[in-house]
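Structural overview
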Amino acid sequence: MAGTPYDLVVIGSGPAGEKGAAQAAYFGKRVALIERSPHVGGAGVNTGTIPSKTLRETALYFSGLAQRGLYGIDYTVKPDLTVQDFLFRQHEVVRSLREVVRQNIARHRIDLIEGDAALDDPHTVRVTRADGVERRLHGDVILIATGSAPSRGRDVALDDPRIYDSDTILEMPRLPRRLAVVGGGVIGCEYATIFAALGIRVTLLDGRDRLLPFLDAEVADRLRLQMQFLGIEVRLAERLSRIAPTPDVVRLELAGGTMVDVDSVLVAAGRLGNTESLGLDRLGIAVGERGHIPVNEHYQTAVPHVYAAGDVIGFPALAATSMEQARVAMCHAFDLKYKTRVAPIFPLAIYTIPEIAMAGETEETCRVKGIDYCVGRALYRQNARGQIVGDLAGQIKLVFRVPDKALLGVHVIGEAASELVHVGLMVLQTGGTIDAFINAVFNYPTLGDAYKYAAYDGLGNLQRRQGSSRGDSETRA
Ligand SMILES: Cc1cc2nc3c(=O)[nH]c(=O)nc-3n(C[C@H](O)[C@H](O)[C@H](O)COP(=O)(O)OP(=O)(O)OC[C@H]3O[C@@H](n4cnc5c(N)ncnc54)[C@H](O)[C@@H]3O)c2cc1C
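First things first, this report covers the structure right here in the doc.

Overview of a nonpolar patch on the surface
On the surface, a nonpolar cluster with roughly 370 Å² of combined accessible area is contributed by Tyr 26, Phe 27 and Tyr 338. Relative to the helices and strands, Tyr 338 resides in the loop between α7 (319-333) and β18 (348-350). With relative accessibility at 49%, the residue Tyr 338 sits in the partly exposed group.

Points about the sheet that holds strand β20 (residues 373-379)
Taken in spatial order, the 5 strands make up an open sheet running β18-β19-β22-β21-β20, and their pairing is antiparallel. For this open sheet the edge positions go to β18 and β20, each flanked by a neighbour on one side alone. On average, adjacent strands in this sheet sit at an angle of 10 degrees to one another, irrespective of strand direction. The sheet contact formed by strand β21 (residues 395-401) and strand β22 (residues 407-413) spans 6 bridges and is antiparallel. Each residue of the ladder has a partner; that of Leu 398, found in β22, is Val 410. Helix α6 (residues 217-229) contacts β19 (356-360), β20, β21 and β22 of the sheet and is inclined by roughly 0 degrees relative to β22.

Some thoughts on the nonpolar core
Residues Leu 8, Val 125 and Ile 144 are the most contacted members of the largest nonpolar core, which totals 51 residues. In contact with Leu 8, not counting residues within four places along its chain, are Gly 20, Ala 21, Ala 24, Arg 30, Val 31, Ala 32, Val 141, Ile 142, Leu 143, Met 330 and Phe 334. Counting 43 residues, the second largest nonpolar core, distinct from the first, contains Leu 87, Ala 197, Val 202 and Val 219.

As for the site of the ligand
Among the 36 residues in the neighbourhood of the ligand, the closest are listed as Glu 35, Ala 43, Lys 53, Asp 311 and Ala 319. Gly 44 is positioned with one of its backbone polar atoms (N or O) 3.0 Å from an oxygen atom of the ligand. Within the contact set of the ligand, an oxygen atom lies 3.3 Å away from a backbone nitrogen or oxygen of Leu 318. In the complex, the protein chains occlude 93% of the 1,000 Å² of accessible area that the ligand would expose alone. Contributions of two or more residues to the shell around the ligand are made by α1 (15-26), β2 (31-35), α2 (42-46), α3 (49-63), β4 (116-121) and α7. Its residues placed into classes, the shell around the ligand shows 14 nonpolar, 16 polar and 6 charged.

A closer look at unusual backbone geometry
At the junction of Phe 315 and Pro 316, the peptide bond is cis and its omega measures out at 0 degrees in the coordinates. Take Pro 316: it is sitting in the loop between β17 (306-308) and α7. The omega torsion of the bond from Tyr 444 to Pro 445 falls at 0 degrees, within 30 degrees of zero and hence cis. Topologically, Pro 445 is positioned in the loop between α11 (435-439) and α12 (450-465). Residue Ala 416 is not a glycine yet carries a positive backbone phi of 60 degrees.

Some points on the side chain of Lys 452
For Lys 452, the position within the fold is in helix α12. Here Lys 452 is buried and forms no salt bridge, its nearest opposite-charge partner Asp 449 lying at an N-O distance of 5.9 Å. The residues touching Lys 452, leaving out its near neighbours within four places in the chain, are Phe 437, Ile 438, Ala 440 and Phe 442.

Brief notes about the packing of aromatic side chains
The description of an aromatic ring pair uses the distance of the two centres, along with the angle that the planes make with each other. Overall, the coordinates contain 8 aromatic pairs when judged by the stated rule. Ring plane angle 55 degrees and centroid distance 5.8 Å describe the contact between Phe 86 and Phe 195, whose orientation is recorded as tilted. Taken together, the positions of Phe 86 in helix α4 (residues 83-107) and Phe 195 in helix α5 (residues 186-197) put the pair 109 residues apart, joining distant regions of the chain. Classification of Phe 195 as buried rests on a relative accessible area of 1%. An aromatic cluster is built from Tyr 26, Phe 27 and Tyr 338, whose rings are joined through pairwise contacts. Its guanidinium or amino end placed over the ring of Tyr 6, Arg 30 lies 4.5 Å from that ring's centre, counting from NZ or CZ. When the ring centre of Tyr 338 is taken as origin, the NZ or CZ atom of Lys 339, which lies over that ring, is 5.8 Å away.

A closer look at the environment of Met 323
The residue Met 323 is located in helix α7 in this model. Given a relative accessible area of 24%, Met 323 falls into the partly exposed group. The spatial distance from the C-alpha of Met 323 to the C-alpha of Ser 37 is 19 Å, given a sequence separation of 286 residues. Other than its neighbours up to four places away in sequence, Met 323 contacts Pro 15, Ala 16 and Lys 19.

With respect to the sheet that holds strand β11 (residues 233-235)
If you walk across this open sheet you meet the 5 strands as β8-β15-β9-β10-β11, and the pairing is parallel. Because the sheet does not close on itself, it has two edges, and the strands there are β8 (163-164) and β11. The sheet contact formed by strand β9 (residues 178-182) and strand β15 (residues 264-267) spans 4 bridges and is parallel. Bridge pairing in β15 links Val 181 to Leu 266. Where α5 meets the sheet, it contacts β9, β10 (201-205) and β15, and its direction lies at approximately 165 degrees from that of β10.

Focus on α7
Each α-helix turn comprises 3.6 residues. Residues three or four places apart therefore point the same way. Taking 1.5 Å per residue as the helical rise, α7 with its 15 residues ought to reach 21 Å, and the 21 Å between its terminal C-alpha atoms agrees with that figure. Along α7, the positions that sit buried rather than exposed are Thr 321, Ser 322, Glu 324, Gln 325, Ala 326, Val 328, Ala 329, Met 330 and Cys 331. Packed against the buried residues of α7 are β1 (4-11), α1, β6 (134-144) and β17. Looking at the residues trailing α7, positive phi occurs at Asp 335, about 50 degrees.

Examining the pairing of strand β13 (residues 250-254)
Burial of β13 is one-sided: the residues Val 250, Leu 252 and Leu 254 facing one way are buried, the residues Arg 251 and Glu 253 facing the other way are not. Strand direction decides the pairing type here: strand β12 (residues 240-245) and β13, joined by 5 bridges, are antiparallel. Residue pairing for β13: Ile 243 is matched across the bridge by Leu 252. As paired elements, β13 and strand β14 (residues 259-262) share 4 bridges and run antiparallel to each other. Looking at the pairing, Val 250 lines up with Val 262 of β14. Between β13 and β14, which pair antiparallel and follow one another directly, the connecting turn spans 4 residues, one of which, Gly 257, has a positive phi of 105 degrees.

Conventions we followed
Residues numbered from 1 in each chain as written. Predicted model: local features only at pLDDT ≥ 70, side-chain atom pairs only at ≥ 80, totals over all residues. Heavy atoms only, no water. Patch = residues over 30% accessible without salt bridge, like charges linked within 9 Å, V, L, I, M, F, W, Y side chains within 5 Å. Areas by Shrake-Rupley, 256 points an atom, 1.4 Å probe, with all protein chains shown as cover. Salt bridge = Lys/Arg side-chain N within 4 Å of Asp/Glu carboxyl O. Helix = DSSP H or I, 4+ residues; strand = E, 2+ residues; numbered from the N terminus. Buried < 20%, exposed > 50% of the residue type's maximum accessible area, 1.4 Å probe, protein only. Pairing = 2+ DSSP bridges. Axes fitted to C-alpha atoms, helices over the stretch in contact; angles between N-to-C directions. Contact = heavy atoms within 4.5 Å. Core = buried A, V, L, I, M, F, W, Y, C linked by side-chain atoms within 4.5 Å. Near = heavy atom within 4 Å. Polar contact = N/O pair within 3.5 Å; in protein donor to acceptor, adjacent residues only side chain to side chain. Nonpolar A, V, L, I, M, F, W, Y, C, P; charged D, E, K, R; others polar. Lys, Arg positive; Asp, Glu negative; His and termini not counted. Phe/Tyr/Trp six-rings, centres within 6.5 Å; stacked < 30°, edge-to-face > 60°. Lys NZ or Arg CZ within 6 Å of the ring centre and 35° of its normal. Expected span 1.5 Å × (residues − 1).

Read these as layout, nothing more, since geometry by itself doesn't imply function.
Dropping the structure here:
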């Protein structure tokens, strides 16, 4: 046997690697966790989830956006806001959460090993430290949790310091006056609203004709409207031909001939799996076009004792699902009889301003699947808490099946959407109907109470469809 023996060797300390390692260690396995970055936590803690969500809170704070209009005071962004002000809290939160991850690793007695890992053979992981020193580890089981990195796409001048990706944006030296965001996916939309809230003139560009096509179309339209209220110029179905930096501006040349001049550009063109240097070819593991590793339902690669989880296997590439995939993988690897699969319905949250969250079917997916469905809506504007917090544009929407009222999907846009969606998620997960909301007592005044009224609205819509004489006013008791 070559190298120090371990039951499990994990490559990468992001959400998937940390939780997979902890899962096995909790059940008494000897675990090594290899990380090439000087900081643990992966993109989840250092460059992705946590920084962007903290910057959103910072933008809301400095813009006073959440309070705008509440007290008759017109808040505007602090005029001399510096990039240091903007990034300060993000640095603090990231520092604290790295420590939380490090403590979790230590508490589980996992050996944390710094260095770049590659596979020499199906059981041997070679770790090369920054100073060139190498060591070898033997893993009965190996978990690849190496995550992903931003793809810059074609036609992008990689070396111009005014052109950022979602990693380098965290190191920008100053806030631009005008910013173009190329790519209307989750990351692009989130950053577009964050910067717009700070008073920066943002142009959001995407070649597709709608934002976030996986969202319920009504919610996506509401988001687009809210973005426009924030001052974002949303340019859809427009293809970027070239980014041409000049000494004074960065010029975006669009396919139709339009030019957009800005001070900085954020390219949010998707992500590629971190697989290049792993030596997977030596094991006969072929990766897909975007560097993703194919796995089966147990997260096994083509080599059964080599598992992969998280962004490196592709969709849905979320911190939450990455952690759960790794736990499920380790339960399978060590026959822990604890978790056998990742829950098939998982929530999605998009931390734009306003926030969006969803779980389950949209109206569009119901139509594609030929499901007879009905919807119910409740607006925050008609909800006491919505009025108190001043979010008058928010909405909870339920999609349910005709005629048994089984809940199929829940869609929330507005304050606390990412938290509220969990109420609907639990009903979805237990196969409940919209009556679950009607029969529950919700705290008052809360946004959660809007679930009850969305369900009442759904009942009213259902009755109207079924030709009942009972009207909406009766069902909205
Ligand atoms: C801007 C942005 C915002 C996001 N927002 C959200 C959000 O709101 N909610 C959400 O759920 N998800 C969000 N995500 C996605 C989330 O960050 C990822 O899904 C998650 O981090 C994936 O976890 P992971 O463990 O698979 O990989 P990562 O977090 O990428 O970690 C992989 C780790 O492996 C290490 N590594 C790679 N190769 C090697 C090697 N050869 N040797 C040793 N170490 C190696 C890397 O250094 C890294 O530390 C966001 C992502 C971005 C970029």
